[in-house]
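What follows is each chain in one-letter form.
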Amino acid sequence: MFITATVISCLVCLASLSPLPGSGDCAEADAYIDEVLANVAQMVIDQHLDPAELPGGKISFSQDLGIITIHGSARYDQGHFNGLSTIHRTGGTELCVSDSIGLSANIGLRDARAGYHVAAELQGIEVGASAEVKFASLDIYFEATMPLDASSGLLLTKFEITNVGHIDVSVSGLGPLDWILGKLVGAIADTVKDWVVPLIEGPIRDILQDIIDDMMPPIPSKIIA
């Protein structure tokens, strides 16, 4: 793994750790978290999670013409999600020492993108279209601890998605079937959200754990003296 290089680079992080006024034996850990997330991003790419393949879906719809009701459907497939490797620090970080070492950070994704091929069918007539998805933001808060004697690495004790931002879906090419946009856009947004949240809480969390388990946080000597 590339952990050796990152451990060396953490010596640089040491200089950027600055005490937080009034917070006791704590310091900011921005540079350390940035190094951690750079490694997380690289592992996301190495594991072929960016871009990632999205699941598809299908909706049914109907229109009442008075005398008869016509029925149709629309499917979306060939989906892809780009942006998991943009994971980065989005807010405050803290590294504290008491009877153990504690780390907390706010991280997340910004401006991830996704896309789908769309095919709508009504009474045997099919229309091809495309959908573009803009994922505004996804915010994560995590905490991790390790023994003061460094007998083991950092262990995640909390990892939670605190906010899922607006998911904007635009569909082009439906022509006379654009009246189904509301239902189609809602279905695509739900599919993307239902896919990305478990991925963050599962594989991305596991990658983060793997990185921090091997990457010792820099502890200023004045904190542990």
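Just so it is clear, the model here is predicted, and its values are computed rather than measured. (Residues numbered from 1 in each chain as written. Predicted model: local features only at pLDDT ≥ 70, side-chain atom pairs only at ≥ 80, totals over all residues. Heavy atoms only, no water.)

Taken as a whole and judged by the stated rule, the model has 4 aromatic pairs. Taking the centre distance of 5.4 Å and the plane angle of 90° together, the rings of F61 and W179 count as edge-to-face. Taken together, the positions of F61 in strand 3 (residues 57–64) and W179 in the loop between strand 9 (167–172) and helix 3 (181–214) put the pair 118 residues apart, joining distant regions of the chain. Residue class for F61 comes out buried when judged on its relative accessible area of 8%. Relative to W195, the ring of F81 lies with its centre 5.2 Å away and its plane at 50°, an arrangement referred to as tilted. Of this pair, F81 sits in strand 4 (residues 69–82) while W195 is found in helix 3, placing the two residues 114 residues apart along the sequence. (Phe/Tyr/Trp six-rings, centres within 6.5 Å; stacked < 30°, edge-to-face > 60°. Helix = DSSP H or I, 4+ residues; strand = E, 2+ residues; numbered from the N terminus. Buried < 20%, exposed > 50% of the residue type's maximum accessible area, 1.4 Å probe, protein only.)

Below, the discussion takes up the packing of helix 2 (residues 30–46) against helix 3. When two helices pack together, their arrangement is given by the angle between their axes and by how far apart the axes lie. For the pair helix 2 and helix 3, the least separation of the axes is 9 Å and the interaxial angle reads 125°. The pairing of helix 2 with helix 3 is recorded here as oblique in orientation. Judged by the twist between their axes, the crossing of helix 2 over helix 3 is right-handed. Residues Y32, V36, N39, V40, M43 and V44 of helix 2 pack against I204, I207, L208, I211 and I212 of helix 3. Tallied by class, the residues present in the contact of helix 2 with helix 3 amount to 10 nonpolar, 1 polar and no charged. (Axes fitted to C-alpha atoms, helices over the stretch in contact; angles between N-to-C directions. Parallel < 35°, antiparallel > 145°, perpendicular 65-115°, else oblique. Left-handed = near helix turned anticlockwise from the far one by under 90°. Contact = heavy atoms within 4.5 Å. Nonpolar A, V, L, I, M, F, W, Y, C, P; charged D, E, K, R; others polar.)

Only one face of strand 9 is buried: it carries I167, V169 and V171, and the other face, with D168, S170 and S172, is open. Sheet analysis places strand 7 (residues 125–147) next to strand 9, joined by 6 bridges and oriented antiparallel. If you follow S130 over to strand 9, its bridge partner there is S172. (Pairing = 2+ DSSP bridges.)

All right, on to unusual backbone geometry then. Backbone phi values are negative for most residues with the exception of glycine, while trans is the configuration of most peptide bonds. Between D50 and the following residue, P51, the backbone shows a cis peptide bond with an omega angle of 0°. Note on placement: P51 falls in the loop between helix 2 and strand 2 (52–54). Unlike most non-glycine residues, Q78 shows phi in positive territory, near 55°. Within the secondary structure layout, Q78 lies in strand 4.

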